[in-house]
Amino acid sequence: MASAKDDLYPRKILDYMEGFLVSKTLFAACELGVFEQLHASAQPLSAVELSRALGTSEDATERLLSACVGLELLNTHTDTDGEVRFSNTHMSTVFLIESSPKSLYHSIQYSSRTIYLCWHHLTDAVREGQNQYEKAFGINSKDLFEALYRSDEEIVKFMHLMNSIWNICGHDVIRAFDLSPFRSIFDLGGCSGALAKHCVSVYPESSVTIFDLPKVVKTSRDHFVSQRDDRIHFHEGDFFKDALPPADLYILARILHDWTDQRCVELLRKVYTSCTSGGGVLLVEALLHEDNSGPLTVQLYSLNMLVQTEGRERKGSEYSGLLKAAGFTCVHIHRTGKIYDVILALK
């Protein structure tokens, strides 16, 4: 008679083994334009119709569509003659169509074409303790942003990624604390100003200045002009090398996780020195649990920081330590219950 141990089925392990198959199915469907074509058609399409519209193999397209049905990204409709047609689910329409206000389309593109290539070298990253841009892209650079922004196209891709993230998370992080007392706000590394748009929407009496590298500011003006607002301004500079103009509040959203503790304290000290009396700094980061038990998403993000940057994801207590080392004494932590949490530290 078989024991309970013999009957154990490794469902979770098999799911983990096959996880990349799920990711690449989603990536391929987006890159090929499956969801966009179905959205544009305004009616269900057969695999043959889709393959002709996309210029793909009929058999391969049918397999891809079938997998998307299994992932609950597509619905099926069977005609009276037995032909199966496909349409987008509500979730796909909201999050996978490029023109949707909450689209994750560009985030998926960046994950497929940049992050996925770095993760191919995760084993080497763990052995060596350093990012894998050189192996993934042939880039030998000690400057993190020379790697991240290795071309104008890559800058645009990264900025679209940040926009898609703040489209679904920006409102939550800006409302985590009452920021109305802070009228002059600097968003360090704010890219195209997607988070700044949420900020001035919630706090119309405030103005936000995006402080970013000259080539990032230029790209923003060239490609994201429609997103500008007369309360949103741009300031060219390197926040490690250049002086920070005085402000009531500095926002560092997904900035510190790129860097070592030493570099974080260096930047936070500059912020503390430039901050007006009674002002502060708002950190937006994905926080680990204090007992290292999760969240799993943040644990995986920390591995992503390993393969792509010099940094890591941290616990709330670790960020508090960095802030206090820089001079901030009053630290408040707010967990949003979603991907990104918020820390407000006052001078």
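Residues numbered from 1 in each chain as written. Predicted model: local features only at pLDDT ≥ 70, side-chain atom pairs only at ≥ 80, totals over all residues. Heavy atoms only, no water.

1. Section: the sheet that holds strand β4 (residues 184-188)
Right, on to step 1. Strands sit in the order β6-β5-β4-β7-β8-β12-β11 across an open sheet of seven strands; the sheet is mixed. Unpaired on one side and paired on the other, β6 (232-236) and β11 (330-334) mark the two borders of the sheet. Pairs of neighbouring strands in the sheet enclose a mean axial angle of 20°, with direction left out of account.
Right, on to step 2. As paired strands, strand β8 (residues 275-285) and strand β12 (residues 341-346) are joined by six bridges and run antiparallel to one another. From the neighbouring strand, V284 faces β12, where its bridge partner is V342.
Right, on to step 3. Packing of helix α14 (residues 261-274) onto the sheet brings it into contact with β4, β7 (247-253) and β8, and relative to β8 it is tilted by some 145°.
Right, on to step 4. Sitting on the sheet, helix α16 (residues 316-325) is in contact with β8, β11 and β12, with an inclination near 155° to β11. (Pairing = 2+ DSSP bridges. Helix = DSSP H or I, 4+ residues; strand = E, 2+ residues; numbered from the N terminus. Axes fitted to C-alpha atoms, helices over the stretch in contact; angles between N-to-C directions. Contact = heavy atoms within 4.5 Å.)

2. As for the packing of helix α4 (residues 47-54) against helix α5 (residues 58-70)
Right, on to step 1. Following both chains from N to C, one finds α4 and α5 inclined at 115°, their axes separated by 9 Å at the closest point. Put simply, α4 runs roughly perpendicular to α5. Pair α4 / α5 crosses with right-handed handedness. On α5, the residues that touch A47, V48, L50, S51 and R52 of α4 are E58, T61, E62 and L65.
Right, on to step 2. The residue inventory of the contact of α4 with α5, partitioned by class, reads four nonpolar, two polar and three charged. (Parallel < 35°, antiparallel > 145°, perpendicular 65-115°, else oblique. Left-handed = near helix turned anticlockwise from the far one by under 90°. Nonpolar A, V, L, I, M, F, W, Y, C, P; charged D, E, K, R; others polar.)

3. Focus: the nonpolar core
Right, on to step 1. By size, the foremost hydrophobic cluster in this structure holds 50 residues, and its most contacted members are W166, V173, L249, L282 and Y340.
Right, on to step 2. Not counting chain neighbours up to four residues away, the residues in contact with L282 comprise F177, L179, L249, Y250, I251, L252, V342, I343 and L344. (Core = buried A, V, L, I, M, F, W, Y, C linked by side-chain atoms within 4.5 Å. Buried < 20%, exposed > 50% of the residue type's maximum accessible area, 1.4 Å probe, protein only.)

4. Topic: the sheet that holds strand β2 (residues 74-78)
Right, on to step 1. The three strands are arranged β1-β3-β2 in an open sheet whose pairing can be described as antiparallel. Either end of the sheet is taken by a strand with one partner, and the two such strands are β1 (45-46) and β2.
Right, on to step 2. Running over the sheet, helix α3 (residues 34-41) touches β1, β2 and β3 (84-88) and is turned about 95° from β3.

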